[in-house]
Amino acid sequence: MTRDRVLLAVFATLSILVAQPAVPQTTGAIQGTVTDSSAAVLPGAAVEARSASLQGVRSATTDSRGGYRLPALPPGTYTVKAFLAGFTTVEKTG
């Protein structure tokens, strides 16, 4: 093997090792549907999630079916709040 091929092989091996995390990352998601008291879906509602294990706030807006998804959240206890103008704000913890 020439010197260039040896260096290329070493670099390729180091790249693979560096690309793998040393400790597996575990994340989850919070998802749901925002509805009113008559079970009608609420598109365009704002949804926020807060947790001591999360830096800042994660937010989403409900889609045309009232659905939302907050992906890649670290493990922990969350408070989720949904609000839309003209409706009562709802907050759930746990």
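Residues numbered from 1 in each chain as written. Predicted model: local features only at pLDDT ≥ 70, side-chain atom pairs only at ≥ 80, totals over all residues. Heavy atoms only, no water.

Undergrad: I keep staring at unusual backbone geometry and nothing clicks. Help me out?
TA: It is generally the case that most residues other than glycine have a negative phi and that most peptide bonds are trans. Positive phi values are uncommon outside glycine, yet Ala39 reaches one of about 75 degrees. Note that Ala39 resides in the loop between strand S1 (28-33) and strand S2 (46-50). If you check the backbone angles, Ala72 has positive phi at about 55 degrees while not being a glycine. Within the secondary structure layout, Ala72 lies in strand S4 (residues 67-73). Under the relative-accessibility criterion, Ala72 is labelled partly exposed at 46%. (Helix = DSSP H or I, 4+ residues; strand = E, 2+ residues; numbered from the N terminus. Buried < 20%, exposed > 50% of the residue type's maximum accessible area, 1.4 Å probe, protein only.)

Undergrad: Any chance you could explain the sheet that holds strand S3 (residues 58-61) here in plain terms?
TA: Within a beta sheet, neighbouring strands are joined by backbone hydrogen bonds and run either parallel or antiparallel to one another. The four strands lie next to each other as S3-S2-S5-S6, forming an open sheet whose pairing is antiparallel. The sheet terminates laterally at S3 and strand S6 (90-93), the two strands that pair on one side only. When the angles between neighbouring strand axes are averaged without regard to direction, this sheet yields 15 degrees. Direction of pairing for S2 relative to S3: antiparallel, over a ladder of four bridges. Its bridge partner lying in S3, Ala49 is registered against Arg58. (Pairing = 2+ DSSP bridges. Axes fitted to C-alpha atoms, helices over the stretch in contact; angles between N-to-C directions.)

Undergrad: What should I look at first to understand the nonpolar core in this one?
TA: The tendency in soluble globular proteins is for nonpolar side chains to be buried as a group. Ranked by size, the top nonpolar core spans 14 residues in total, and within it Val34, Val47, Tyr68 and Leu70 carry the most contacts. Elements supplying a minimum of two residues to this core: S2, S4 and strand S5 (79-83). Here the element with the most residues in this core is S4; it accounts for three residues. (Core = buried A, V, L, I, M, F, W, Y, C linked by side-chain atoms within 4.5 Å.)

Undergrad: Would you mind going over the side chain of Ser51 with me for this structure?
TA: In this structure, Ser51 sits in the loop between S2 and S3. Residue Ser51 is classed as buried on the basis of its relative accessible area, which comes to 13%. Separated by 2.9 Å, the side chain of Ser51 and the backbone oxygen of Thr77 make a polar contact. Ignoring any residue separated from it by four or fewer positions in sequence, one finds Ser51 in contact with Gly76, Thr77 and Tyr78. (Polar contact = N/O pair within 3.5 Å; in protein donor to acceptor, adjacent residues only side chain to side chain. Contact = heavy atoms within 4.5 Å.)

Undergrad: Explain the environment of Pro74 here, please?
TA: Positionally, Pro74 belongs in the loop between S4 and S5. Accessibility expressed as a relative area gives 25% for Pro74, which makes it partly exposed. Residues Pro74 and Ser53 lie 21 residues apart in sequence; the distance between their C-alpha atoms is 6.6 Å. Every residue in contact with Pro74, bar those within four places of it in the chain, is listed here: Thr26, Ser53 and Leu54.

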